Amino acid sequence: MMIYKKSFYPWLLVAMLCVVGCLNYLDRMMITTMRSSILEEIPMTEAQFGLLTSVFLWIYGIASPFAGYLADKFNRSRVIIGSLLIWSLVTWLTSQASNFEELLLARALMGISEACYIPAALALIVEYHPGNTKSTATGIHIGGVYIGQSLGFIGGWIAETHTWHYAFSIFGIIGVTYAFILMFLLKDKRNDLTDSAAEITTKQSINLGEAFKSLFSNRAFNLVLFIWGLAGAVSWMVNGWLPTYYKEKFNLSQTEAGIYSTVYFFTAMLLGVILGGAMADLWAKRNKNARILLPAIGFLVAVPGVIIASYTGLVWVTVIGFILYAFTRPFIDANMMPILERMIDKRYLATGYGILNFCSCIIGGIGIYAAGVLRDAHVNLSAIFQIAGLTMVICAFALFSLVTKSSNKS
């Protein structure tokens with residue numbers, strides 16, 4: 001088809017994947033905004049509710065390296081479509097849950113199916129954007145993810161106006177429908193008829209053991225893994241408990257807390273990830289380390305936002321503080337895949353990102369569950385957010401040290 005030969009297809013690809021990324025995070029995040037509605041029907045402890053997200057993250061993380069390997073080994077567009085189809089079916093299946101055990105099983109299945117998406121999608125995007133647009137394209141796609149997160153309040157709203165079952169059912173059906181549409185539109189870059197037979201043979205010969213050996217023997221990759229793991233812990237601690245924090249500290253309704261913790265918050269993240277990608281691409285024309293330095297600066301700017309937001313008793317100051325965090329923290333998200341591409345053998349790009357996801361999700365899941373346990377022990381969430389702020393300082397200095405390691409990789 002001629003559409004795949006047009007110069008606009010790389011951006012059409014980003015637009016199509018933005019929708020998938022939106023559904024990916026909406027389906028996983030909206031459970032946090034319908035907490036009260038679920039607890040009214042299925043009683044559980046705070047730790048058990050936290051476990052619903054933690055189990056998702058742990059399973060998602062464990063599956064991610066193997067999911068990335070599938071995207072390096074096989075057709076990335078087919079992996080993306082298959083992932084969307086299966087997790088959408090699981091989303092619908094979640095609407096049928098009637099007890100804690102069934103909810104937990106559904107979240108575990110969602111973790112497996114969603115794990116295949118992000119490594120394949122980001123690897124496909126940088127293949128179509130090999131030059132000065134890679135951070136911008138990646139940032140726009142992650143922006144789609146943030147839109148999904150910002151729409152998470154819809155889950156709480158639907159749960160209050162209808163039922164929480166209805167919310168999962170509707171979005172499951174939407175995802176299945178979109179998966180069938182993408183079967184006709186989404187293609188790998190080699191379908192552009194420019195790939196050589198040698199490149200296809202190389203793709204087919206990729207070995208998981210060799211990929212792991214290549215990646216873990218690379219010191220720069222191990223440092224990137226450390227940074228991404230800590231960044232993931234920060235994100236999930238804040239994102240997973242922010243609706244509850246607003247609701248309890250400021251005595252808000254479930255819908256109001258959902259709006260404060262998603263609409264304002266993820267709108268700022270959307271602007272931050274897109275501008276973070278564009279600024280990095282622009283700066284990279286003059287400074288080869290721009291895609292590393294900008295996220296480090298972003299972390300340092302985000303820290304006072306989180307600290308102030310966790311100390312104040314004024315809701316508007318809390319909102320501003322978390323908006324500052326939400327705007328600058330995503331600079332790393334727009335630039336992580338371009339950073340990774342610079343550091344490792346490109347044959348293992350999706351596998352490498354899958355390993356990053358593994359580290360991030362395992363640590364993030366532990367953080368969320370630990371926060372639930374601490375809440376059961378009557379520990380204030382403010383302390384959790386302050387720890388998250390200090391963790392970002394470590395991330396920033398680790399990124400600065402990565403600049404030196406990257407000098408020989410340029």
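Structure's up top.
Residues numbered from 1 in each chain as written. Predicted model: local features only at pLDDT ≥ 70, side-chain atom pairs only at ≥ 80, totals over all residues. Heavy atoms only, no water.

### Examining unusual backbone geometry
How we decide: In DSSP terms, a helix is any run of H or I states spanning at least four residues, a strand is any run of E spanning at least two, and both are numbered starting from the N terminus. Any residue under 20% of the maximum accessible area for its type is buried, any over 50% is exposed, and the rest in between are partly exposed; the area is computed with a 1.4 Å probe on protein chains only.
With a phi angle near 55°, Asn-251 is a residue other than glycine that sits in the positive phi range. Along the polypeptide, Asn-251 turns up in the loop between α12 (219–249) and α13 (254–284). Accessibility expressed as a relative area gives 69% for Asn-251, which makes it exposed.

### Some details on the packing of helix α3 (residues 46–73) against helix α5 (residues 100–115)
Each pair of packed helices gets described by two things: the angle between the helix axes and the distance between those axes. Stated formally: Orientation is described by axes fitted as lines to C-alpha atoms, over the contacting stretch for helices, and by angles from 0 to 180 degrees between their N-to-C directions. Orientation categories follow fixed angle ranges, with anything under 35 degrees roughly parallel, anything over 145 roughly antiparallel, 65 to 115 roughly perpendicular, and all other angles oblique. Helix crossings fall into two classes, left-handed where the near helix is turned counterclockwise from the far one by less than a right angle and right-handed where it is turned clockwise. Any pair of residues with heavy atoms lying within 4.5 Å of one another is described as a contacting pair. Basically, the charged four are Asp, Glu, Lys and Arg, the nonpolar ten are Ala, Val, Leu, Ile, Met, Phe, Trp, Tyr, Cys and Pro, and anything else, Gly included, counts as polar.
Look at α3 against α5: their axes get within 7 Å of each other, and the N-to-C directions meet at 25°. By the angle between their directions, the pair α3 and α5 is classed as roughly parallel. In the packing of α3 onto α5, the handedness of the crossing is right-handed. Contacts between α3 and α5 pair Gln-48, Leu-51, Leu-52, Thr-53, Val-55, Phe-56, Ile-59, Tyr-60, Ala-63, Ser-64 and Ala-67 from the former with Phe-100, Leu-103, Leu-104, Arg-107, Ala-108, Met-110, Gly-111, Ile-112, Glu-114 and Ala-115 from the latter. For the contact of α3 with α5, the per-class residue count stands at 15 nonpolar, four polar and two charged.

### Thoughts on helix α16 (residues 331–343)
Short version of the rule: What a helix should span is 1.5 Å times the count of its residues minus one.
Taking 1.5 Å of rise per residue, the 13 residues of α16 would be expected to cover 18 Å, and the 18 Å separating its terminal C-alpha atoms lies within 8% of that figure. Counting buried positions along α16 yields 13 of 13 residues, so the element is predominantly enclosed.

### Focus: the packing of α12 against α13
Relative orientation of the contacting elements α12 and α13 amounts to 135°, with a least axis distance of 8 Å. With respect to each other, α12 and α13 are oriented oblique. Here α12 and α13 pass one another in a crossing that is right-handed. Every residue of α13 that contacts α12 at Val-238, Asn-239, Leu-242, Pro-243, Tyr-246 and Lys-247 is listed here: Gln-254, Ala-257, Tyr-260, Ser-261, Phe-265 and Phe-266. Residues that form the contact of α12 with α13 fall into these classes: eight nonpolar, three polar and one charged.

### Examining the environment of Met-29
Here Met-29 is to be found in helix α1 (residues 9–29). Of the residues examined, Met-29 reaches a relative accessible area of 3% and is grouped as buried. Sequence spacing of Met-29 and Phe-180 is 151 residues, and the spatial spacing of their C-alpha atoms is 23 Å.

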